[in-house]
Amino acid sequence: MLYLYNSATRQKEAFKPHDEKRTTMYTCGPTVYHYAHIGNLRSYIMEDILDRYLRYLGYPLKRVMNITDVGHLSSDADTGEDKMLKGAKREHKTVMEIAKFYTDAFFADCEKLRIRRPDVVEPATHCIGEFIKVIKKLLEKGYAYEAGGNIYFDTSKLEKYYIFNDFKEEDLAVGVREDVGEDTNKRNKADFVLWFTKSKFEDQELKWNSPWGVGYPGWHIECSCISMKHLGEYLDVHCGGIDNAFPHHTNEIAQSEAYLGHKWCNFWMHVHHLNTTSGKMSKSSGEFLTVSLLESKGYDPLAYRFFCLGSHYRKNLVFTYENLDNAAAAYDKLIARVAQLLKEAQGGVEEEKLAEMKAAFREALDNDLNTSLAVTALYDALKADATAATKLAAVKDFDTVLQLALIEKAEKKNEESYDENDPFVAEILGAIRARAQAKKEKNYAEADRIRAALLEKGVELVDTKEGTTFKIR
Ligand code: AMP
Ligand code: ZN
């Protein structure tokens, strides 16, 4: 039984979907005005573990993520300039050019980190009709009001507004930076904008017609609407970084439940921050830590994934190059260990021992996704008194969740460690190159012929993302 910490109730609870025929998960996607930093990506890696573990356990999961391409202002409250517009000005491009470029960059990073693409990815700008529909209903139901040209959510209409934080009204300077003034149209300090037609920034690039005038949506309404559009009225688990809990997720709950008239989401998973030694990770000050930067320094992106798995998602994690070096060294050793196993006489799979190994792995992840213990279960499996085949079966099984590419990397390592001066190895490598060339020239018949000819000699080619490797039978 999977137990997850639910930030809405502040306790670990047995995970139970609303409907046993489908499990629904929503993730706040990136604001695509810049590259994601590795802190953002820590959140997506840990959410990916939840995604993959739910599937591993057999839940029929549908996962949705938005892309924030409009409405996220410099402050998480309703003030400041739209982040997208700021990004566009910085790079002398249009907002849509910026959105496309950084959405692609985000998914390229995800691929390198083996973060699965959610089943549905929906940019906010594709859903304006949905936002208007929900805002209209909130106005009809008396949960929203118009003031100074904008539409606001009236938080005083709710019995309980503060779900994640027990803020008092007067403490509500949260999310509002000092350099941005307070919005005097709000009836209550906690109220938030659903639709803007008036803002200080008249050059807002993207605007749409609405019953309340030409304008653009607020950030919070995006996630509620995109989730409900694809996942319906009941959401099983909603994730995001811890900074999203307030006000973003608090506002999502307020408007979704006011709209639906019943409880919306059962579980809230929040990933704590990756910090630098000097504090919060930033895109504007200090070194802008991206996956590409790590690669340019010679790190394998999956060593960063491994680094993240070493600590619990509900603890802050400090990034230093020294910490990353340690993780990278341990990751290399792990691959070397698996590479060694591949070379050993493998024997048969001992089902009972394998079941024990899997049980230890599950026990770790069942306890609120304890990834570091899951990695320990992997080490224990490698050390166990069992056949190589049993251990490899465990590695393969665990890696469907951990996604460290252990088998592929180990095979590659073994291939690279072949003696290229050995005439047989040289022949195989030559054939692999010839096949790649044939494929490039779209001569698939020749490529197939080369593969078949090698197979005749007992050499099986394996195509991976990292290139083609081979196994000698
Ligand atoms: P954004 O692109 O700013 O909307 O953020 C994308 C995701 O990254 C959100 O879920 C944030 O909560 C999360 N996030 C932001 N900073 C960090 C950090 N330093 N560590 C972990 N997650 C973060
Ligand atoms: Zn969101």
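1. Details of the coordination of the zinc ion (ligand 2)
A four-donor tetrahedral metal ideally has 109.5 degree angles, and a six-donor octahedral metal ideally has angles of 90 or 180 degrees. The zinc ion (ligand 2) binds to the protein through Cys28 (SG), Cys223 (SG) and His248 (NE2), with metal-donor distances spanning 2.0 to 2.1 Å. Considered as a linear motif, the donors of the zinc ion (ligand 2) on their single chain read C-x194-C-x24-H. A residue pair is termed long-range when its members are at least 10 positions apart, and Cys28 in the loop between strand E3 (23–27) and helix H1 (38–56) and Cys223 in helix H5 (residues 219–231) qualify at 195 residues.

2. Things to note about the sheet that holds strand E10 (residues 235–241)
On the basis of which strands lie adjacent, the open sheet formed by 5 strands has the order E5-E4-E3-E10-E11 and parallel pairing. With one partner strand each, in any of the chains shown, strand E5 (120–123) and strand E11 (265–271) form the two edges of the open sheet. With direction set aside, neighbouring strand axes in the sheet form an average angle of 20 degrees. Where E3 meets E10, 3 bridges bridge the pair, whose relative direction is parallel. If you follow Tyr26 over to E10, its bridge partner there is His238. Sheet strands touched by H5: E3, strand E4 (61–67), E5 and E10. Its angle to E4, the strand with the most contacts, is close to 145 degrees.

3. Concerning the packing of helix H4 (residues 128–140) against helix H6 (residues 245–260)
Any two packed helices are characterised by the angle at which their axes cross and by the distance between the axes. H6 packs onto H4 with a crossing angle of 70 degrees between their chain directions and a minimal axis gap of 9 Å. Taken together, the axis directions place H4 and H6 in an arrangement best described as roughly perpendicular. Residues Lys133, Val134, Lys137 and Leu138 of H4 form the contact with H6, whose participating residues are Gln255, Ala258 and Tyr259. Here the residues of the contact of H4 with H6 sort into 4 nonpolar, 1 polar and 2 charged.

4. Section: the side chain of Asp368
On the secondary structure map, Asp368 appears in the loop between helix H10 (351–366) and helix H11 (371–383). A distance of 2.9 Å separates the side chain of Asp368 from the side chain of Arg314, its partner in a polar contact.

5. Examining the domain arrangement of the protein
According to the domain assignment, the protein contains domain 1 (16–271), domain 2 (296–409) and domain 3 (418–472). Centre-to-centre, using C-alpha coordinates, domain 1 lies 34 Å away from domain 2. Taken together, the contacts link 19 residues of domain 1 with 28 residues of domain 2. Of the roughly 2,100 Å² buried between domain 1 and domain 2 on both sides combined, carbon and sulfur atoms contribute 66%. Taking the shortest distance from any N to any O, the salt bridge between Arg114 and Glu408 comes out at 3.1 Å. Summed over the shared surface of domain 1 and domain 2, the result is 12 residue pairs in polar contact (both at pLDDT 80 or more). Secondary structure elements with two or more residues in the side of domain 1 that touches domain 2: H1 and E11. Across the side of domain 1 that touches domain 2, the residue classes tally to 12 nonpolar, 2 polar and 5 charged.

Rules behind the numbers
Residues numbered from 1 in each chain as written. Chains lettered and ligands numbered in written order. Predicted model: local features only at pLDDT ≥ 70, side-chain atom pairs only at ≥ 80, totals over all residues. Heavy atoms only, no water. Donors = N, O, S within 2.8 Å, 3.2 Å for Na, K, Ca; no water. Helix = DSSP H or I, 4+ residues; strand = E, 2+ residues; numbered from the N terminus. Pairing = 2+ DSSP bridges. Axes fitted to C-alpha atoms, helices over the stretch in contact; angles between N-to-C directions. Contact = heavy atoms within 4.5 Å. Parallel < 35°, antiparallel > 145°, perpendicular 65-115°, else oblique. Nonpolar A, V, L, I, M, F, W, Y, C, P; charged D, E, K, R; others polar. Polar contact = N/O pair within 3.5 Å; in protein donor to acceptor, adjacent residues only side chain to side chain. Domains from an automatic or database assignment. Buried area = accessible area lost by both parts, 1.4 Å probe. Salt bridge = Lys/Arg side-chain N within 4 Å of Asp/Glu carboxyl O.

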